[in-house]
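Fold and contact review
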Amino acid sequence: MLLSILYLLLLSGCVDSFDPQLPGNIDVVIVDGTINNLPEQQVIRLNRSKSDPINGRPGFMALTKAKVQVLVDSAQVIEAHETYDGVYYLPADFRGKTGHAYQLRFTLSDGSTYESTQQIMPDVPLIGKVRVEFNPTSLSPPLIDGYRAAHDFYIDTQDPEGQPNYYKWDWKLWEKQEWCRTCYQGIYSINNVIPTYSPFGYMYFELGNDLFEDCFYPPSTYFSGGLMPDWVYDYKCRTKCWAIFSSVELNLFADGYTDGGPILNRKVARIPFFQHGGCLVELRQSSLTPSAYRFYKDLEDQTQNSGGVADPPPTASIGNVKNVSNSRELVVGFFTASAVTTVRYWLDRKDTQGAPPGLFVAMKGREPSPEPAPPVQPIVYLYDPIRPRPYTAICLDSEKQTSYMPQGWRE
């Protein structure tokens with residue numbers, strides 16, 4: 001969520017200390033990391049945004065091969081390891097604890113070292129009552145083609161008395177998905193593909209003995225005149241697979257005027273009506289440090305409470321990460337520690353009205369385009385004497401989908 005918002009701000013020029021009108025002027029490190037107390041993977045994300053030297057538009061690239069550490073109480077050092085490009089996972093058994101201090105330190109491949117301010121994890125109250133309503137006009141902006149139906153989630157919680165508290169609400173959603181892979185100008189293959197030439201010089205493809213489970217992309221020389229046609233093939237899942245969605249809006253609250261009172265009917269999620277089948281929703285209530293709240297509140301003001309990302313307030317919060325040897329370098333993003341309490345809710349969708357767009361259409365913006373079945377041949381022909389085509393695809397585990405049944409899922 002944070003990275004998506006920061007990207008929008010950079011695209012609109014809503015970050016202090018540089019003139020976004022000058023081509024090639026943006027070159028910033030982007031940091032996104034939160035240590036929490038949940039039994040889940042703790043993740044740090046590092047990226048760089050750099051302007052195109054010609055048109056000045058910022059592009060984004062993962063910062064790989066960095067040395068990433070989290071310091072606990074200025075004494076214990078926890079090493080993070082790169083799992084995906086620019087995505088660094090702390091050890092699977094590492095959890096944050098309330099009252100303890102956490103600090104991020106990382107060194108990029110060019111030797112530049114960065115540190116965050118220290119963040120002490122505050123406690124968070126439990127989520128109380130959960131209420132859900134189907135709302136045919138909930139989503140703004142609409143999901144696709146003006147479609148706005150969703151379930152609105154409301155919660156109650158009790159604010160602790162005698163101390164300032166800052167809250168952030170997020171949600172996570174698991175949806176059963178039917179289609180697992182899309183190949184653009186390619187074709188899915190279970191085994192590796194070996195380009196071979198006939199005695200007459202024609203290229204054809206044989207299947208090897210090694211597992212491949214990926215899209216095979218033929219060279220342009222396979223096609224007449226070297227002109228590659230434009231096509232896309234979608235492949236159904238071979239095994240069970242769940243798509244994972246996360247909230248992209250900021251939902252913040254400070255208890256300055258309601259200290260110690262109940263927080264009632266707080267809307268914390270809008271879960272799109274993707275499809276008729278049930279889904280699993282996780283509501284997440286997080287505590288924030290005062291500095292993290294100020295940072296997120298600046299982002300909220302710029303992206304949600306004003307005229308849009310092109311209408312920023314006079315100042316914008318850069319974040320709490322600095323280059324150790326160059327304090328003038330602009331670093332965007334925030335590292336913090338946050339206690340989180342969660343509730344998982346099975347949403348059966350039996351109260352819905354109307355026809356949803358379908359999960360695939362909602363995700364891709366189009367209907368599925370499956371590889372044609374025999375006797376029709378696909379654009380690229382892979383002969384398999386054992387298995388019929390089209391193949392089904394494996395569910396590739398990632399941050400956006402999983403082959404593992406989420407806890408709380410109902411068949």
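Each remark here, short or long, concerns the structure printed above.
A brief structural summary. (Residues numbered from 1 in each chain as written. Predicted model: local features only at pLDDT ≥ 70, side-chain atom pairs only at ≥ 80, totals over all residues. Heavy atoms only, no water.)

As a further point, take the state of the cysteines. This model, assessed by the stated rule, comprises 3 disulfides. Bridging C180 to C237, the disulfide has an S-S length of 2.1 Å. Since a negative S-S torsion denotes a left-handed disulfide, the C180-C237 link at about 100 degrees is right-handed. Here the residue C180 occupies a position in strand β13 (residues 179–184), and C237 occupies one in the loop between β16 (232–236) and β17 (242–246), the gap between them amounting to 57 residues. Grouping residues by exposure puts C180 and C237 together as buried. Note on cysteine connectivity: C183 is disulfide-linked to C215, with sulfurs 2.0 Å apart. Looking down the S-S bond of the C183 and C215 bridge, the torsion is -85 degrees, so its handedness is left-handed. (Disulfide = S-S within 2.5 Å. Helix = DSSP H or I, 4+ residues; strand = E, 2+ residues; numbered from the N terminus. Buried < 20%, exposed > 50% of the residue type's maximum accessible area, 1.4 Å probe, protein only.)

A separate point is the sheet that holds strand β11 (residues 150–158). Taken in spatial order, the 3 strands make up an open sheet running β10-β11-β19, and their pairing is antiparallel. Each edge of the open sheet carries a strand with a single partner, namely β10 (127–135) and β19 (262–272). In this sheet, adjacent strand axes meet at a mean angle of 20 degrees when their direction is disregarded. With 8 bridges joining them, β11 and β19 adopt antiparallel strand pairing. From the neighbouring strand, A150 faces β19, where its bridge partner is P272. (Pairing = 2+ DSSP bridges. Axes fitted to C-alpha atoms, helices over the stretch in contact; angles between N-to-C directions.)

Looking now at the packing of aromatic side chains. Across all of its chains, the model carries 21 aromatic pairs by this definition. Aromatic pair F205 and Y222: ring centres 4.8 Å apart, planes at 40 degrees, arrangement tilted. Here the residue F205 occupies a position in strand β15 (residues 203–216), and Y222 occupies one in the loop between β15 and β16, the gap between them amounting to 17 residues. The buried category is assigned to F205, whose relative accessible area is 4%. Linked through ring pairs, F205, F216, Y222, F223, W231 and Y233 together constitute an aromatic cluster. For the cation-ring pair, K168 lies above Y296, with the distance from its terminal atom to the ring centre recorded as 5.2 Å. For the cation-ring pair, R389 lies above Y391, with the distance from its terminal atom to the ring centre recorded as 4.0 Å. (Phe/Tyr/Trp six-rings, centres within 6.5 Å; stacked < 30°, edge-to-face > 60°. Lys NZ or Arg CZ within 6 Å of the ring centre and 35° of its normal.)

Our next topic: the layout of surface pockets. Space inside the second largest pocket adds up to approximately 240 Å³. If you trace the second largest pocket, you find 14 residues lining it, with Q177, E178, W179, F360 and M363 closest to the centre. Across the lining of the second largest pocket, the residue classes break down as 6 nonpolar, 4 polar and 4 charged. (1 Å grid on protein atoms, 1.4 Å probe; cavity = no way out; pocket = protein on both sides within 12 Å on 5 of 7 lines; lining within 4 Å. Points joined across faces, edges and corners; volume = space filled by probe spheres on them. Nonpolar A, V, L, I, M, F, W, Y, C, P; charged D, E, K, R; others polar.)

In this section: the environment of I194. The residue I194 is located in strand β14 (residues 187–197) in this model. Residues I194 and Y204, 10 residues apart in the sequence, show an inter-C-alpha distance of 8.4 Å. If sequence neighbours within four positions are ignored, I194 has contacts with Y204, F205, E206 and G208. (Contact = heavy atoms within 4.5 Å.)

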